[in-house]
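What follows is each chain in one-letter form.
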Amino acid sequence: MIQEKIREKAKELLEKKVVDVIIGFGEGTLPLRATPLFVRSPDEADCLIWNSFCENNLSTYLHKLTQFKVGLVVKGCDSRSIIALSLEKRFKPDQLFLIGVPCQRMVDRRRVKKAVKGEILRAHEQGDQIIVEGEDFKTSLKKDDFLYPSCQLCIHRNPAQANILVGDPVEESPLLEIDPEVKDFESKSVEERWTFFEKESSRCIRCYACREACPMCYCAECFVDSSHPKWVEKGLSPSDLEFYHIVRAYHQTGRCSGCGACERACPMEIRLTYLTRKLNLDVKELYDFEAGCDGELPPPLSTFKTEDKQEFIK
Amino acid sequence: MKLKLDKKDFQPFLQNLMDEYDLFAPIRLADGVFAYKKIDQPEEVDLSASNTQKPAKEVFFPQSETMFRYERAGKEARITSTEGVERKRVILGARPCDIQAVCLIDQVFSGKEYTDVYYANKRDATTVIGMACNHPLSTCFCTSMKGGPFAREGSDLFLIDLGEAYLVELLTEKGTAFSQNEFLKKAGPNDLNLAKEIEEKASKKTDASMPVEGIDKKLDQMVENPFWEKVQEKCLGCRVCTYLCPTCHCFDIVDEALTNKGQRVRNWDSCLSTLYSLETSGHNPRPTNRERSRQRIMHKFNYFPKNFDQIACVGCGRCILYCPAGFDIRQTIKEIQKG
């Protein structure tokens, strides 16, 4: 069982002092949630868990642990973030020990909540079902219908890089062949696209949860925080909100693993990943590149080749 | 005085309110996402959520508020004030926890020492129509924090959802101004009994066991405790918990200036942001997440009680529900009390 193997490996790594800390998942206090857990001693390793509620991309924590040797539990997408970050020279080569988990795709807690009437008090997995219980109901839901959009589309569930793999590799096939959200967005007129984007970003409260949850957002000073020069105001005017969201998405071009952490973190449920997924598709089409799949190949927007496509320059 | 508002009369009642007042109430921004906004059409009002994401404090203390505008023409400078409130206001549908929170921050913005005109003017002009929580969530612990799902303190009128109608209690002078309202009818004994039943049931549901007694004293001894290292560990350093908190009230004042004109604006700020305590010299007295997370807890459970004799947490549960990393303040409270 994956959970047991994670615990065993964590215990061993801490006992042998291969790492200073293991970052994995522990039981959350809310149903349908696991929570990031930092384990520093071997006897705490039994608090580590694994299930379909382990939604966070833990690699975002590495930026504040640069002085430590870290053992990290990674899914496919998380491992791709690590590769992308390594290419940007964020880590020393032997600073990390990756415990790779072939991912079973993660459950979208909001989808589940919206599907039932009443508050969910308990939830657990049983095979391909999620059982949710409230005060006066108990329902069984088919897991595949309640996954995060990024997980339904995922074709990189096996970690691209790991020091050890716990669990058998899974077959790499998407649950959805075509991205319904991106397809829908592409089919809209320019005006309709803008209206959609405008409506989504209008809910932004500038909490920057999307930025903080994203492993690729690590600038020492984010452009929105700069006061000299001041690129953007700090209020809620539509132009400031839209500017933030456009730049946030564009800055991910060729770097985003599509983990969806930004969208999951947003308390106002702003749709964010349709933009990054569209950018990922463009990068794939233009440069045949997917972020974090190859540890040697730098992202296309960080390099220049004379034979780069440039038809888009008009 | 206890009256009754039939739900079929709800929209006309709102229209009637809007003839006299600017109405602020929860609206649905997206599926499952709610916030208080100024209402243009009665049908926008949506009371179906157990609570909004953004709390009711926003009506009195907006996230971004212009303090004045200025313009220069030749040698003349013209300043336009934005502090006045032209029309009477009503906030409708605010839950007891959010109203309790507004009463708490009253002490900061219109307390003994200072009066913040922007806040106080709005507060004075506003009639508060609170609404009982028939279905508190498992994350609610208002009853531990001197509140409750049916706490009426701070409300001028108080609504209790009876299914087909609302029981309307008129509690203050601002409330009794509604005694002659054409849509409010006399409540019968059945309505009162039903309301009582709902209240008893709901009040049992919230967690009254949160050990907050004496927490400020405990925290006095904990400033340099290694505990804060543990508290900050999984915190991402975003601002969700502070912006969605009904009692957090920090702000930052900036000038949005063009060459000849501009405005002074105050925006919500958050102690969890790196920028919050960054000084002009480049020095930051709260350089890491440890100091910043500590500040959040200290302000609520130590500094605020020292200044105002009350804890600045009302147990609404928003910080628990919306934290992207699953941080749970209930655990932190318990761990502090364990020592």
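Keep in mind that what you see is a predicted model, and the values were worked out from it rather than measured.

Digging into the overall build of chain A
Piece 1. Counting its regular elements, chain A contains 10 helices and 8 strands.
Piece 2. Scaling as 2.2 N^0.38, a compact globule of 314 residues should have a C-alpha radius of gyration of about 20 Å, and chain A matches this with 20 Å.
Piece 3. Looking at chain A residue by residue over its 314 residues, the buried ones come to 43%.
Piece 4. Taking contacts inside chain A between residues at least 6 apart in sequence as the whole, the part at least 24 apart equals 65%.

Let's talk about the domain arrangement of chain B
All names here are of chain B.
Piece 1. Along its sequence, chain B is carved into domain 1 (2–205) and domain 2 (215–338).
Piece 2. Put simply, the middle of domain 1 and the middle of domain 2, counted by C-alpha atoms, are 26 Å apart.
Piece 3. Taken together, the contact between domain 1 and domain 2 spans 33 residues of the former and 27 residues of the latter.
Piece 4. Contributions of two or more residues to the side of domain 1 that touches domain 2 are made by β4 (64–73) and α3 (96–109).
Piece 5. Across the side of domain 1 that touches domain 2, the residue classes break down as 16 nonpolar, 10 polar and 7 charged.

Topic: α3 of chain B
Residue and element names in this part refer to chain B.
Piece 1. With 14 residues, α3 ought to run about 20 Å at 1.5 Å a step, and its terminal C-alpha atoms sit 20 Å apart, in line with that.
Piece 2. Within α3, burial applies to P96, C97, D98, I99, Q100, A101, V102, L104 and I105.
Piece 3. Buried residues along α3 sit in contact with α2 (57–60), β6 (89–94) and β7 (126–131).

What to know about the interface of chain A and chain B
Piece 1. Across the boundary between the two partners, chain A contributes 31 residues, which contact 33 residues of chain B.
Piece 2. Counting residues per element, the ones that place at least two in the side of chain A that touches chain B are β2 (34–39), α3 (109–115), α7 (209–213) and α9 (261–265) of chain A.
Piece 3. Residues that form the side of chain A that touches chain B fall into these classes: 13 nonpolar, 6 polar and 12 charged.

Focus: the sheet that holds strand β8 (residues 164–165) of chain A
Residue and element names in this part refer to chain A.
Piece 1. Ordered by their spatial adjacency, 5 strands build an open sheet running β2-β1-β3-β4-β8, and the pairing between neighbours is mixed. Two strands lie at the open edges of the sheet, namely β2 and β8, each paired on one side alone.
Piece 2. As judged from the 2 bridges shared by strand β4 (residues 96–100) and β8, these two strands associate in the parallel manner. When the sheet's bridge partners are listed, G100 is paired in β8 with L165.
Piece 3. The sheet contacts of helix α1 (residues 2–15) involve β1 (21–27), β2, β3 (70–74), β4 and β8, and relative to β1 the element is tilted by about 150°.
Piece 4. Most of the contacts of helix α2 (residues 76–87) go to β4, to which it runs at about 155°, and overall it touches β3 and β4.

Description of the packing of helix α5 (residues 180–187) of chain A against helix α10 (residues 273–287) of chain A
Residues and elements named next belong to chain A.
Piece 1. At their nearest, the axes of α5 and α10 sit 9 Å apart, and the two run at 85° to each other. Considered as vectors, α5 and α10 are oriented roughly perpendicular to each other. Facing E181, V182 and F185 of α5, the residues of α10 in contact are Y274, R277, K278 and L281.
Piece 2. Taken together, the residues of the contact of α5 with α10 sort by class into 4 nonpolar, no polar and 3 charged.

Overview of the domain arrangement of chain A
Note: interface size is frequently given as the accessible area lost on complex formation between the parts.
All names here are of chain A.
Piece 1. Domain assignment breaks chain A into domain 1 (2–108 + 147–302) and domain 2 (109–146).
Piece 2. Taken together, the contact between domain 1 and domain 2 spans 10 residues of the former and 13 residues of the latter.
Piece 3. For the side of domain 1 that touches domain 2, the per-class residue count stands at 5 nonpolar, 2 polar and 3 charged.

A few points about unusual backbone geometry
Piece 1. The linkage connecting H228 of chain A with the following residue, P229 of chain A, adopts the cis geometry, with an omega of 5°.
Piece 2. Mapped onto the secondary structure, P229 of chain A falls in the loop between α7 and α8 (238–250).
Piece 3. Residues other than glycine seldom take positive phi values, yet R105 of chain A does so here, at roughly 75°.
Piece 4. Tracing the backbone through its elements, the reader meets R105 of chain A in the loop between β4 and α3.
Piece 5. For R105 of chain A, a count of 21 C-beta atoms within 10 Å puts it in the buried group.
Piece 6. Even without a glycine there, the phi angle at K146 of chain B is positive, about 65°.
Piece 7. With respect to the helices and strands, the residue K146 of chain B is situated in the loop between β7 and β8 (157–161).

What counts, and where the lines are drawn
Residues numbered from 1 in each chain as written. Chains lettered and ligands numbered in written order. Predicted model: local features only at pLDDT ≥ 70, side-chain atom pairs only at ≥ 80, totals over all residues. Helix = DSSP H or I, 4+ residues; strand = E, 2+ residues; numbered from the N terminus. Rg over C-alpha atoms; globule rule 2.2 N^0.38 Å. Buried ≥ 20, exposed ≤ 12 C-beta atoms within 10 Å, placed from the backbone. Contact = placed C-beta atoms within 7 Å. Domains from an automatic or database assignment. Nonpolar A, V, L, I, M, F, W, Y, C, P; charged D, E, K, R; others polar. Expected span 1.5 Å × (residues − 1). Pairing = 2+ DSSP bridges. Axes fitted to C-alpha atoms, helices over the stretch in contact; angles between N-to-C directions. Parallel < 35°, antiparallel > 145°, perpendicular 65-115°, else oblique.

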